[in-house]
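Here's the letter readout for the chains.
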Amino acid sequence: MFQIRIIYGKQLADLLVDIVDPTWVWSIDPVESYKVENDTLADPLFSEAVMDGPGFLEFIDTHVHYLIFADLKAFPVRKNIVQVKNYEDFMRSDCQLAFLLIDSVYTHILAKDEEVIRKLGERARSKGFTGIESLTDERVSGMLLTVWG
């Protein structure tokens, strides 16, 4: 858990590229994230509900964006994508990573791989994000994993 800066940029790529498994398939709830063109908000960032890993990673690395709300979940294969609304769903499913961003700042990431969690924490520190905190199983038990509850 941490807080990102409210800026136009490539925060998703800054955090995820070269850390997450490039083969993961991403389930995207395109709640409120936008492309930035000519230094102004443009179209919604995501137009697809599901993106394959390489396409997703290239997309977030090539499009400047502004995140207000984001709800992204990564799965090893497309056929195993299920709705993940809470921590218990996350643990029962094949979902490998849940990324939530609320109010342009508050970021929660859950990952089943400890090495991914460690690398994400290091990356968040190196990018100057603040309020970095590790969450225990007890603290996230019962936590909603959707931005709209």
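Keep in mind the model is a prediction, meaning the values are calculated, not measured. (Residues numbered from 1 in each chain as written. Predicted model: local features only at pLDDT ≥ 70, side-chain atom pairs only at ≥ 80, totals over all residues. Heavy atoms only, no water.)

Novice: Honestly, the overall build of the protein chain in this entry has me stumped. Any pointers?
Specialist: Looking only at helices and strands, one finds five helices and seven strands in the protein chain. Along the protein chain, helices (α) and strands (β) appear in the sequence β-α-β-β-β-α-β-α-β-β-α-α when read from the amino end. In terms of overall size, the protein chain behaves like a compact globule, its C-alpha atoms giving a radius of gyration of 14 Å where 149 residues would be expected to give roughly 15 Å. Summarising its shape, the C-alpha atoms of the protein chain cover approximately 45 × 35 × 30 Å along the three principal directions. Each of the 149 residues in the protein chain was classed as buried or not, and the buried ones make up 45%. As displayed, the protein chain has an accessible area near 7,700 Å², and 48% of this comes from carbon and sulfur atoms. Placing the 15 positive and 24 negative side-chain charges of the protein chain at their respective mean positions leaves the two points 2 Å apart. (Helix = DSSP H or I, 4+ residues; strand = E, 2+ residues; numbered from the N terminus. Rg over C-alpha atoms; globule rule 2.2 N^0.38 Å. Buried < 20%, exposed > 50% of the residue type's maximum accessible area, 1.4 Å probe, protein only. Areas by Shrake-Rupley, 256 points an atom, 1.4 Å probe, with all protein chains shown as cover. Lys, Arg positive; Asp, Glu negative; His and termini not counted. Charge placed at Lys NZ, Arg CZ, Asp CG, Glu CD.)

Novice: Can you walk me through the side chain of Ser 93 in this structure?
Specialist: As for its position among the elements, Ser 93 is in the loop between helix 3 (87-92) and strand 6 (97-102). By relative accessible area, which is 10% here, Ser 93 ends up buried. Once residues lying within four places of it in the same chain are set aside, the contact partners of Ser 93 are Phe 75, Val 82, Val 84 and Lys 112. (Contact = heavy atoms within 4.5 Å.)

Novice: What should I look at first to understand helix 2 (residues 53-62) in this one?
Specialist: Among all positions in helix 2, only Gly 53, Phe 56, Leu 57, Phe 59 and Ile 60 are buried. Projected onto a plane normal to the axis of helix 2, the buried residues spread over an arc of 160° and lie on a single side. Relative to its buried face, helix 2 has exposed residues pointing more than 90 degrees away, namely Pro 54 and Glu 58. (Arc of directions from axis to C-beta.)

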